[in-house]
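Survey of secondary and tertiary structure
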Amino acid sequence: MAAFTELVFSGVQPTGNLHLGNYLGAVKRFVEMQARDAQCLYCVVDLHAITVWQDPEALRGQIREVTAAFLASGIDPARSIVFNQSQVPQHAELAWIFNCVARLGWLNRMTQFKEKAGKDRENASIGLYDYPVLMAADILAYRATHVPVGEDQKQHLELTRDIAQKFNTDFSGSIAAHGHGDAFFPITEPLIGGPAARVMSLRDGTKKMSKSDPSDNARINLTDEADTIAQKIRRAKTDPEPLPSEVAGLKDRPEADNLVGIYAALAGITREEVLRDFGGAQFSTFKPALADLAVTSLAPIAGEMRRLTADPGHIDAVLADGAGRAETIAAQTLDAVKDIVGFVRRGPSLQAVR
Ligand code: TRP
């Protein structure tokens, strides 16, 4: 562990098919992080998934499918720690302690809860309300320094920083007394951005690409076949103008902006660079180029996912191995947290008794 200067943590919910937005905003960036001097942990957050109802058999399949997507996209389970949240009990345990640090007022400001709970708030699960606290526990159980996430998770990352800060302040005396200096938890950096921090619907450039969009043409699923991918891009909504030669010209053209952003993210270049090549081009030229790029980048992932999901035993073994390695780190954090908070625990270390 000490060999790495950074610790990267991120999570993906196993709720429904992954699409291009999840891939470009999250998974593709997780793969890139592996090139840094960092220990990376990538977690399938099944405890988060059940904050809204999940059919048990479907859930089990989705946990394996997200894992397959990680592996098929190039996350190397020997180098990174790939696991599902429910196999590492320290997430839920630390979440409880953080429940006693976080304030009601902080959670009442969370916009994602308001959106997900909708009008019938009285009927939302307590877990849905507490979701951001569990997310803070995910990150801080490993004392992660960097968290790659989509734009929509920014507020949750701020809450994580607030919880870390308040814990460090509330327990400062005990933290120092137990030899952890003046702060126990890091103030985690969110890594948000890139050309596809927000991938929009292919049918409406003002709406996020979403697994719950009633039109399947609005999104590209990670499991779509080559023909489907190409067809969805050819049918994507556009405006009648040619592409501008400057990024400023994409303003107020949400569909054009989205397609250029998708091209940039897939090619690993900036919007400026895309427009250097395609400025002045009609969509009849740009769309086939984008379709080719999307098919070459995504179709192999779909193929590999099909191969991997055919062997659930292999996926389960990857998850079990990852959970063991994750727990080794998280157990050390929880031992220290229990000492800091003032609990009496079985010593010397949780690992020694397991
Ligand atoms: N809330 C995140 C999302 O919906 C998923 C998530 C759970 C997560 N725990 C996390 C992301 C910890 C980053 C770090 O995208």
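As the structure is a computational prediction, the values presented were derived from the model and not from experiment. (Residues numbered from 1 in each chain as written. Predicted model: local features only at pLDDT ≥ 70, side-chain atom pairs only at ≥ 80, totals over all residues. Heavy atoms only, no water.)

**Description of the overall build of the chain**
To keep things clear, this is the line we draw: Counting from the N terminus, the helices are DSSP H or I runs at least four residues long and the strands are E runs at least two residues long. In this setup the radius of gyration rests on C-alpha atoms only. A globule is expected at 2.2 Å times the number of residues raised to 0.38. Note on contacts: a residue pair is in contact if any heavy atoms of the two residues lie within 4.5 Å. In this tally, Asp and Glu contribute negative charge and Lys and Arg positive charge; neither His nor the terminal groups of the chain are included. Working definition for charges: the position is that of NZ of Lys, CZ of Arg, CG of Asp or CD of Glu.
Helix and strand counts for the chain stand at 15 helices and 5 strands. Relative to the compact-globule value of 20 Å for 354 residues, the chain shows a C-alpha radius of gyration of 22 Å, a close match. Its C-alpha atoms put the chain at 70 × 45 × 45 Å along the principal axes. Across the chain, every contact between residues at least 6 apart in sequence was considered, and the portion connecting residues at least 24 apart equals 76%. Computed over 38 positive and 44 negative side-chain charges, the inter-centroid distance for the chain is 2 Å.

**Looking at the site of the ligand**
Stated precisely, the cut-off is as follows: Throughout this document, a residue counts as near a molecule or strand when at least one of its heavy atoms sits within 4 Å of that molecule or strand. Polar contact criterion, stated in full: a pair of N or O atoms within 3.5 Å, where within protein one must be able to donate a hydrogen and the other to accept it, and residues adjacent in sequence count only if both atoms are side-chain atoms. A pocket, in this scheme, is an open set of points on a 1 Å grid over the protein atoms alone with protein on both sides within 12 Å along at least 5 of 7 lines, while a cavity is a set where a 1.4 Å probe fits but cannot get out; residues line either one if an atom lies within 4 Å of a point. Pocket or cavity membership: a molecule qualifies when more than half of its atoms sit within 2 Å of the grid points of that site. Residues are grouped as follows: Ala, Val, Leu, Ile, Met, Phe, Trp, Tyr, Cys and Pro are nonpolar; Asp, Glu, Lys and Arg are charged; every other residue, Gly included, is polar.
In the region of the ligand, 13 residues are neighbours, and G11, Y131, M135, D138 and Q153 sit closest. Between a nitrogen atom of the ligand and a side-chain N or O atom of Y131, the distance comes to 2.6 Å. Taking Q153, its side chain carries an N or O atom lying 2.9 Å from a nitrogen atom of the ligand. Spatially, the ligand is embedded in the largest pocket. Counting residues per element, the ones that place at least two in the shell around the ligand are β1 (6–12) and α7 (126–140). Of the residues contributing to the shell around the ligand, the split by class is 7 nonpolar, 5 polar and 1 charged.

**Some thoughts on a negative patch on the surface**
Convention followed: Like charges are joined within 9 Å and nonpolar side chains (Val, Leu, Ile, Met, Phe, Trp, Tyr) within 5 Å, but only among residues with over 30% relative accessible area and no salt bridge; these make up the patches. For the accessible areas, the method is Shrake-Rupley and the probe is 1.4 Å, while residue cover comes only from the protein chains on display. Each salt bridge in this description consists of a side-chain nitrogen of Lys or Arg and a carboxyl oxygen of Asp or Glu lying within 4 Å of one another.
A surface patch of negative charge is lined by E246, E272, E273 and D277. Secondary-structure assignment places E272 in helix α12 (residues 271–278).

**What to know about helix α10 (residues 226–234)**
Note the threshold: Any residue under 20% of the maximum accessible area for its type is buried, any over 50% is exposed, and the rest in between are partly exposed; the area is computed with a 1.4 Å probe on protein chains only. The arc in question is the one spanned by the directions pointing from the helix axis to the C-beta atoms.
Of all the residues in α10, the buried ones are I229, A230, K232 and I233. Across the axial projection of α10, the buried residues extend over an arc of 165 degrees, all falling on one side. Along α10, exposed side chains directed more than 90 degrees from the buried face belong to D227 and R234. Looking at the buried residues of α10, the elements they touch are α13 (283–309).

**Some remarks on the nonpolar core**
Our working definition: Among buried residues, those of type Ala, Val, Leu, Ile, Met, Phe, Trp, Tyr and Cys that are joined through side-chain atoms within 4.5 Å constitute a nonpolar core.
Counting 63 residues, the largest nonpolar core has F70, L266 and F286 as its most contacted members. No other element matches the 10 residues that α13 contributes to this core. In this structure F286 touches L243, L259, V260, Y263, V274 and F278, once residues within four positions along its chain are discounted. Formed by 50 residues, the second largest nonpolar core is a distinct cluster that contains L94, Y129, I163 and F185.

**Considering the packing of helix α3 (residues 56–73) against α13**
Put simply, the rule reads: With axes taken as lines fitted to C-alpha atoms, and helix axes fitted only over the stretch in contact, angles between N-to-C directions fall between 0 and 180 degrees. For this classification, under 35 degrees means roughly parallel, over 145 means roughly antiparallel, 65 to 115 means roughly perpendicular, and everything else is oblique. Handedness of a crossing is defined here by the sense of rotation of the near helix relative to the far one, left-handed for an anticlockwise turn of less than a right angle and right-handed for a clockwise turn.
Contact geometry for α3 and α13: axes closest at 8 Å, N-to-C directions at 130 degrees. The orientation of α3 relative to α13 falls into the category oblique. Our pair here, α3 against α13, has a crossing hand that is right-handed. Along the contact surface, α3 presents R64, E65, A68, A69, L71, A72 and S73, while α13 presents I301, E304, M305, L308 and T309. The residue inventory of the contact of α3 with α13, partitioned by class, reads 7 nonpolar, 2 polar and 3 charged.

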